[in-house]
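Overview (structure and organization)
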Amino acid sequence: MSTSDLKNPVFMAKSFLAGGIAGMTSKTAVAPLDRIKILLQVHNNHYKEFGVFSGLKAIIRKERFISLYKGNGAQMVRIFPYAAVQFSSFEIYKRGLSIFTRESESGKVNHSLKFFAGSMAGVTSALMTYPLDLSESGKVNHSLKFFAGSMAGVTSALMTYPLDLVRARLAFHVTTTVDGLKFPTTIVGTLVYVFQNEGKMVGLYRGITPTVLAMIPYGGCNFYMFERLKHLAVEYMPTVCGYEKDGKTVLNIPSKLLCGGIAGAIGQTTIYPLDVARRRMQLSMTSNETKKYSEGLFKTLSITYKDYGVVRGLYRGMSINYIRAIPMVAVSFSTYEICKQMLGLETGI
């Protein structure tokens, strides 16, 4: 890893492309699960009595098979820049932050750094109270990777959030008319409708607070755990999990998938109630019944808890979230690593 890469436009372009392809591949792979997750999270009237698999069957029966992918077009428009920015900014942050570190005298990567996943304050505290060292081999330490992942997630979320709101709207609507209001069915139409009728930029960024709060631990946790698991796999099971290429050990595809899947499961568990709040806030203006969720994050969480409790409210749809998140993150990280290899970029531990 070298900070000189930050000045190399080819490196940055390749990282951006690899990240975008990884995002599109992973999201398309789980698009049907994404849609039923949204419908279950917000207790859609047409599907609130269904479970995961019965809900998927009901979508095909009530609508049609292609409806499993409703909103995926907006997802693709959103996810390419989102994932591209997330992965490439992770590379930037990881290398940029290494400027402020020092090589450790022992030559060993420090794995005992505390892992703060609750808030940016925790991340900042970890960085301020623990030395950030580079080993003599140039490996960045894992606390720095966690912080870089957090910042990468926040950066990409802020830049693409309106498209996430559009994707949720398109996936949520079973009919185009709700409470006498007719909603658009296209990406541009939805953006224009929200901007004109729901407070302009406030409407387009409704739900951004739980998104950013969730992205700090989620983005950090995902990147941290994936990088950490990669390191452990190569260090303790190099012959099983990797192969030699150009004098370096490279993780094989099954191991990449496994590391990504575990990272995704851990990350999703930490932030799920915030994800539920985000969806409810995004869809709060779609009917008179849901407008109560437009009053802010804590109000949304409070109402959800009072109305539905923990399991059926704050963690509604968690089972499907595991089903979708594990393969999604596994495919995402694996595709990114494979694209980096194909584009001649280092996938170092």
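Being a predicted model, the structure only gives us computed values, none of them experimental.

**Considerations on the pattern of salt bridges**
For the coordinates displayed, the defined rule picks out 14 salt bridges. Among the salt bridges present, the one from Asp164 reaches Arg78, with a minimum N-O distance of 3.6 Å. In this pair, Asp164 sits in helix H6 (residues 142–172) while Arg78 sits in helix H4 (residues 72–98), placing the two residues 86 residues apart along the sequence. Relative accessible area serves as the criterion here: at 3%, Asp164 is assigned to the buried category. Take Arg78: its relative accessible area is 7%, and that puts it in the buried class. Salt bridges linked by common partners bring Lys37, Arg78, Asp164, Asp275, Arg278 and Arg279 together as one network.

**What about a nonpolar patch on the surface?**
Nonpolar side chains collect at one region of the surface, where Ile60, Phe65, Ile66 and Tyr69 lie side by side and expose about 380 Å² of accessible area between them. Residue classification places Ile60 among the partly exposed residues on the basis of a relative accessible area of 37%.

**Notes on unusual backbone geometry**
A positive phi is found at Lys200, a non-glycine position, where the angle reads about 55°. Examined against the element boundaries, Lys200 turns out to sit in the loop between helix H7 (187–197) and helix H8 (201–204).

**Observations regarding the confidence of the model for the protein chain**
Across the protein chain, pLDDT averages 77, with 78% of residues at or above 70. Every residue in residues 102–140 scores below 50 in pLDDT, and together they form 72 contacts with partners more than four places removed in sequence or on other chains.

The rules behind the values
Residues numbered from 1 in each chain as written. Predicted model: local features only at pLDDT ≥ 70, side-chain atom pairs only at ≥ 80, totals over all residues. Heavy atoms only, no water. Salt bridge = Lys/Arg side-chain N within 4 Å of Asp/Glu carboxyl O. Helix = DSSP H or I, 4+ residues; strand = E, 2+ residues; numbered from the N terminus. Buried < 20%, exposed > 50% of the residue type's maximum accessible area, 1.4 Å probe, protein only. Patch = residues over 30% accessible without salt bridge, like charges linked within 9 Å, V, L, I, M, F, W, Y side chains within 5 Å. Areas by Shrake-Rupley, 256 points an atom, 1.4 Å probe, with all protein chains shown as cover. pLDDT = per-residue confidence, 0-100. Contact = heavy atoms within 4.5 Å.

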